[in-house]
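Residues per chain are reported as follows:
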Amino acid sequence: MSNRAKTAAFYVSPGGCDSNDGRSPRQAFATIHRAATAVRELTGGMRSDIVVELAGGTYVLDSTVRLDARDGGNGHSVIYRAAAGARPVLSGGRTIGGWKKVAHPAISNLWAAAVPDLPSTRQLYVNGRAAAMARGANLNPRSQDGAEADFVFQNQIETAISNGNETPVYEGYTTAAFSQMSQWRNPWDIEFVYDVVWTRVILPVEKVTTDGSRAFVKMKTPAFRDAQIKDGMHIDGPDFIQNAYELLGTPGQWYHDRSKGVLYYTPLEGEDMASAVVIVPVLETLLEVRGKLEEPVRNIRFEGLTFSYTTFLRPRTLGHAEIQANFLKNPAVDVDHTSYLKTPGGVVLDAAHNVCFHRCTFSHMGAGAMDIQNGSQGNVVRGCLFTQTAAGAIQIGDVQVSDAHPDDPRTIVSGNIIDNCRLVAIGTEFKGSIGIFVGYAAGTVITHNEISDVGYTGISVGWGWGYYDPWTEPDKPKFYRDGCYRRFDKPTTCRDTLVEHNHVHHVLSSLNDGGGIYTLGLQIGAVIRENHVHDNGAGRGGPGGLYLDEGSAGMEIVGNVIYNVRRPYRLHLTMPRQQWLLNEHDNYFGIAPTDERFPRLIATSAGLEEEYRDLLG
């Protein structure tokens, strides 16, 4: 008998039964929920590690797996791991069958499946590939193939202050080009999509009415209002319209008619709907490891597990008025730089200590993949694959004033490590996404990761544009909080970050004004060292290299290799008196591999180490 079998306390298999005792493969549980209950009964008196071994196959979750302090290791570890050679998948999706070809006057190859009990979803996957919502042509005249549409703001309802200026706020649009939109099925499910420099905004329609040759499209509030007044860039007309039956026809696109309980899909060439595996995600969160500040979850390991298929419904119900990095304007607050909403991850660590994910896969996520938040400390994500995430991959720390300057030091997110992970195809839907995002967190280590094919920035560290930092510029505006302007007298919790030996390339694939590595704000003790960054921007995107945006200071930048980007190094210096806090030296900016000065040892040492290079496969 192998050592693996001897140490395993419980077994789980898709062919098991939750009425079993779980003590052997023949008596395996069927669900990880049941295994967690069995583990909890033993953790109080642990004398050694407890191992839960999962056989290969798909475990379809009907609810989120929730672990708290009672489920963690008490002086030892609780280990959830794949059986030798197995690939267990924890899935929040449902398989959809019964597809039939249906008649349509303009679409020769339209298929439908009856789904009367399917909850709302915003994603659909065919044979593992993300299908796109039915969408119209590009409407933005800035797009090369776009046709200018006459969406005109209509019905001003107020004047708001935004970015220091008076901004008119409208109720919706009028349009002649889409005058028949009021006759479309389910107009309240239509979404308008906007790509504005570094953000993607998604806004739901409330209703459509027609007056003569023009339609009035009333947009849902408060999201439409927020998108007109949020920090940074505001919307104009939509770039395209999506999620309407009338927009079907392009191969690879789908539509869920919720009122009739039917899914529609137009297959790509070569797709056989009789044999295709179609999965629709219905859960938003797969795993939640959530303790309390006074009683954290401790010492849990996840090894060799795959977390797949989540959805994200807020854009449809409330909208997605993005400010930056998948953070949204909080509708309850109009004061700039004060409060934000986070785009969530499918796996959440909250008040979690010493939790480890090793050789796990995170894929087909309808929003982000992982959140490490609220007092989570000493967690490790190593040798993991993140791919096909609609939003960002990993978010560490949050971005509120209370995260920058917490009243309770137990809330500080600190000492977390992201090491030797592969991130690819990140931000497939929410294009303003980041591969690895660090907000207000201390002592984060990001090392030997390979990041590519990201909608926006590869690695982003910091927040606040300097507003939450100690002020050295007497002529700059002070931060507004609690009805008055105030200054901070100490640095934020974003400090001592190490970004080292990462390979970041072919990011900024969709949006602009980002970088391979991007920073905001004062970050005492941070080091950005010997990263290999190249080929970012996909034509118009920039700067693309190392971008030190507003308020960036307090860090050492050394030995980085950056080329084939619009601008290898950009310092957006908004606080000149903090410039002395930057130590940039001995970097290799704009030196390509064809140059004899190219530092090959640094470049080849960046990215995945030998043990994990199979993730590139």
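Along each chain, the written sequence defines residue order, and numbers are assigned to residues from 1. Note on the predicted model: pLDDT of at least 70 is required for a residue's local features to be given, and 80 or more for side-chain atom pairs to be given and counted; whole-chain, interface and lining totals, by contrast, use all residues. Side-chain measures here rest on the full set of heavy atoms in the structure, leaving out hydrogens and waters.

Enquirer: Please set out the overall build of the protein chain residue by residue, giving values where relevant.
Expert: Every helix listed is a DSSP run of H or I at least four residues long, and every strand listed is a run of E at least two residues long, numbered separately from the N terminus. A count of helical and extended segments in the protein chain gives six helices and 55 strands. The globule rule used for comparison is 2.2 Å times the number of residues to the exponent 0.38, while the radius of gyration itself is calculated over C-alpha atoms. Taking 2.2 N^0.38 as the reference for a compact globule, 617 residues should give roughly 25 Å; the C-alpha atoms of the protein chain span a radius of gyration of 25 Å, in line with that estimate. Overall, the C-alpha framework of the protein chain stretches about 80 × 65 × 55 Å when taken along its three principal axes. In the protein chain, buried positions account for 58% of the 617 residues. In this description, accessible areas are obtained by the Shrake-Rupley approach with a 1.4 Å probe, and a residue is regarded as covered only by the protein chains that are shown. Roughly 23900 Å² of accessible area belongs to the protein chain as shown, and the carbon and sulfur atoms make up 48% of that amount. A simple rule labels every residue: compare its accessible area, found with a 1.4 Å probe on the protein chains alone, to the largest value its type can have, and call it buried under 20%, exposed over 50%, or partly exposed in between.

Enquirer: Kindly report on the side chain of Asp 513, identifying the contributing residues and their values.
Expert: Structurally, Asp 513 can be placed in the loop between strand S46 (503-505) and strand S47 (517-519). Charge convention: Lys and Arg are scored as positive, Asp and Glu as negative, and His as well as the terminal groups of each chain are ignored. Salt bridge criterion: a side-chain nitrogen from Lys or Arg within 4 Å of a carboxyl oxygen from Asp or Glu. Despite being buried, Asp 513 has no salt bridge partner; Arg 570 is the closest side chain of opposite charge, sitting 4.1 Å away. Of the polar contacts made by the side chain of Asp 513, one reaches the side chain of Tyr 547; its length is 3.0 Å. In this analysis, two residues are considered to be in contact whenever any of their non-hydrogen atoms come within 4.5 Å of each other. Those residues in contact with Asp 513, other than ones at most four positions away along the chain, are Val 197, Trp 198, Tyr 456, Tyr 518, Gly 542, Pro 543, Tyr 547 and Arg 570. A 3.5 Å cut-off defines polar contacts: any pair of N or O atoms within that distance qualifies, except that in protein one atom must be a possible hydrogen donor and the other a possible acceptor, and neighbouring residues in sequence count only when both atoms are side-chain atoms.

Enquirer: Go over the nonpolar core with me, naming the residues and quoting the values.
Expert: Counting 95 residues, the largest nonpolar core has Tyr 80, Phe 302, Phe 307, Phe 357, Phe 362, Phe 386 and Trp 463 as its most contacted members. It is helix H2 (residues 32-43) that contributes the most residues to this core, five residues altogether. If near-sequence neighbours (up to four positions away) are discounted, Phe 357 is found in contact with Leu 287, Phe 302, Phe 307, Val 347, Leu 349, Phe 362, Met 370, Val 380, Val 381, Arg 382 and Cys 384. Counting 34 residues, the second largest nonpolar core, distinct from the first, contains Trp 184, Tyr 194, Val 208 and Val 217. The criterion is simple. A nonpolar core is a set of buried Ala, Val, Leu, Ile, Met, Phe, Trp, Tyr and Cys residues joined through side-chain atoms within 4.5 Å.

Enquirer: Lay out the environment of Tyr 194 with the relevant residues and their values.
Expert: Position of Tyr 194 among the secondary structure elements: in strand S15 (residues 191-196). What makes Tyr 194 buried here is its relative accessible area of 1%. A C-alpha to C-alpha distance of 52 Å links Tyr 194 and Pro 25, two positions 169 residues apart in sequence. Not counting chain neighbours up to four residues away, the residues in contact with Tyr 194 comprise Tyr 173, Thr 199, Arg 200, Val 201, Leu 203, Met 219, Phe 224, Ile 235, Asp 236, Gly 237, Pro 238 and Asp 239. Looking at Tyr 194, its side chain comes within polar contact range of the side chain of Tyr 173, at 2.9 Å.

Enquirer: Break down empty space enclosed by the protein for me, citing the residues and quoting the values.
Expert: Cavity: a set of points on a 1 Å grid over the protein atoms alone where a 1.4 Å probe fits but cannot get out. Pocket: an open set with protein on both sides within 12 Å along at least five of seven lines, its lining residues, like those of a cavity, having an atom within 4 Å of a point. Grid points are joined across faces, edges and corners, and a volume is the space filled by probe spheres set on the points. One pass over the full model with this rule turns up five cavities of 30 Å³ or more. Estimated volume of the largest cavity: approximately 70 Å³. As for the largest cavity, its lining consists of 14 residues, and the residues nearest its centre are Asp 231, Ile 323, Lys 329, Val 333 and Val 335. Amino acids outside the nonpolar list (Ala, Val, Leu, Ile, Met, Phe, Trp, Tyr, Cys, Pro) and the charged list (Asp, Glu, Lys, Arg) are all regarded as polar, and Gly is one of them. Class assignment of the residues belonging to the lining of the largest cavity gives a composition of five nonpolar, four polar and five charged. Estimated volume of the second largest cavity: approximately 50 Å³. The wall of the second largest cavity is formed by Asn 374, Asp 398, Asp 403, Thr 411, Ile 412, Val 413, Tyr 440 and Thr 493. Among the residues forming the lining of the second largest cavity, the class breakdown is three nonpolar, three polar and two charged.

Enquirer: Tell me about the pattern of salt bridges, residues and numbers included.
Expert: Under the criterion given, the structure shown has 31 salt bridges. Linking Glu 53 and Arg 81 is a salt bridge whose minimum nitrogen-to-oxygen distance equals 3.5 Å. Of this pair, Glu 53 sits in strand S2 (residues 50-54) while Arg 81 is found in strand S5 (residues 78-82), placing the two residues 28 residues apart along the sequence. For the residue pair Glu 53 and Arg 81, the accessibility class agrees, reading buried in each case. Close ionic contact of Asp 334 with Lys 329 constitutes a salt bridge, the shortest N to O distance being 3.0 Å. A residue is classified by how much of its surface remains accessible, and Asp 334, at 35% relative accessible area, is partly exposed.

Enquirer: Go over the sheet that holds strand S53 (residues 567-571), please, and point to the residues and values.
Expert: One open sheet holds the ten strands; their spatial order is S4-S22-S28-S31-S34-S38-S42-S47-S50-S53, and the pairing between them is parallel. The sheet is open, and its two edges are formed by strand S4 (65-67) and S53, each paired on a single side. Put simply, the sheet's adjacent strands are angled 15° from each other on average, direction ignored. Whether two strands pair comes down to DSSP finding at least two bridges between them. Here strand S28 (residues 345-350) runs beside strand S31 (residues 368-373); their pairing, made up of five bridges, is parallel. The residue bridging Val 347 from the neighbouring strand is Met 370, located in S31. An axis is simply a line fitted to the C-alpha atoms; with a helix, the fit covers only the stretch in contact. Between two such axes, the angle follows the N-to-C directions and lies from 0 to 180 degrees.

Enquirer: Outline the confidence of the model for the protein chain, listing residues and values.
Expert: Think of pLDDT as the predictor's per-residue confidence, scored from 0 to 100. Per-residue confidence for the protein chain gives a mean pLDDT of 93, with 94% of residues at or over 70. Within the model, pLDDT remains below 50 along residues 1-6, and this stretch shows seven contacts once partners closer than five positions in the same chain are excluded. Within the model, pLDDT remains below 50 along residues 143-147, and this stretch shows six contacts once partners closer than five positions in the same chain are excluded.

Enquirer: Run through the pairing of strand S38 (residues 434-438), naming residues and quoting values.
Expert: Residues in a regular strand point their side chains to alternate faces of the sheet. Of all five residues making up S38, five are buried, and the element is well covered by its neighbours. As paired strands, strand S34 (residues 394-396) and S38 are joined by three bridges and run parallel to one another. Residue Gln 395 lies in a different strand from S38, and its bridge partner there is Phe 437. Pairing of S38 with strand S42 (residues 457-461) involves four bridges; the strand directions are parallel. From the neighbouring strand, Val 438 faces S42, where its bridge partner is Val 461.

Enquirer: Would you mind going over the environment of Ile 96 in detail, with residue names and values included?
Expert: For Ile 96, the position within the fold is in the loop between strand S7 (93-95) and strand S8 (100-102). Judged by its relative accessible area of 8%, Ile 96 is buried. In sequence terms Ile 96 and Ser 213 are 117 residues apart; their C-alpha atoms lie 41 Å from each other.

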